[in-house]
Amino acid sequence: MEAVLTHLRGAIERGEYAIGDKLPSEAELCRSLEISRPVLREALRALQTMGLTVSKTGKGTFVVANTVEDPTFGDYAASDLLEVRRHVEIPVAGYAAIRRTPENLDHLAHLLDRMERETDTTAWVAMDTLFHIAVAEASRNPVFRRVIEEIRDALARQSAFLNELGGRREQSNREHRAIVEALIDGSEHDAVEAMSHHLDRVENTLTDIVRSARTDTPTEGGPEA
């Protein structure tokens, strides 16, 4: 999928598909790039998330920008989502370290163990959002949980995006482990630091994806599915 996305993004950035142009049909792209339809659809969804295209039901996919500015996850722009997460999840981690119960710690440890064993990206992404909700629950403030619940869909979309294009899963597991260890120790300072580091890495990966000049052309025969 990443190879297909690289190819299509590069074509848009080079002007091979200009703003306002309609991309070839799925059938045409699958045939010319020698890829499966599921792979193509994942790449097309990523283009839309990046803000380069829009999909119009019954009409096709149209180019609306030739540079990536600020990806959108559900109803929220990436920059807005990260800003809120820093203001909410970092202090939440500190409160959780002070207020967590044995039940909270058991739940988080069990969830983390499942995430570290999980190989399916979709299942892992679902547990990723549950992990952040569980940390909010451990803060013993229902308002924090409600805030994270509100952005749950956006968090899942962002997580899937970063895992597909940034290979974040294993690194994220390690960052989650550091957060849980800080909560177990009851260290507010360490919990705040661990969550800050986690969000820093999310931002860095997202920035790398957005700024990457992925203009490589596929090898002869098209990218592999």
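Cut-offs and rules
Residues numbered from 1 in each chain as written. Predicted model: local features only at pLDDT ≥ 70, side-chain atom pairs only at ≥ 80, totals over all residues. Heavy atoms only, no water. Pairing = 2+ DSSP bridges. Helix = DSSP H or I, 4+ residues; strand = E, 2+ residues; numbered from the N terminus. Contact = heavy atoms within 4.5 Å. Axes fitted to C-alpha atoms, helices over the stretch in contact; angles between N-to-C directions. Parallel < 35°, antiparallel > 145°, perpendicular 65-115°, else oblique. Left-handed = near helix turned anticlockwise from the far one by under 90°. Nonpolar A, V, L, I, M, F, W, Y, C, P; charged D, E, K, R; others polar.

Caption draft 1: Just the pairing of strand β1 (residues 53-56), in detail. Inspection of the sheet shows β1 paired to strand β2 (residues 60-63) by four bridges, in the antiparallel sense. Across the sheet, the residue bridging to S55 is T61, located in β2. What sits between the antiparallel neighbours β1 and β2 is a turn of three residues, in which G58 has the positive phi angle 80°.

Caption draft 2: Fine view of the environment of P71. For P71, the position within the fold is in the loop between β2 and β3 (72-73). C-alpha separation for the pair P71 and V135, spaced 64 residues apart in sequence, amounts to 26 Å. With residues near it in sequence (within four places) discarded, P71 still touches T49, M50, Y76, A77, A78, L206 and V210.

Caption draft 3: Spotlight on the packing of helix α4 (residues 78-99) against helix α6 (residues 121-138). Close contact between α4 and α6 brings their axes to 7 Å; oriented N to C, the two are set at 55°. When the axis of α4 is compared with that of α6, the two are oblique. Crossing of α4 against α6: the hand is left-handed. On α6, the residues touching R85, E89, V92, A93, Y95, A96 and R99 of α4 are H132, V135, A136 and A138. Residue classes in the contact of α4 with α6 are distributed as seven nonpolar, one polar and three charged.

Taken by themselves, the reported measurements are silent on function.
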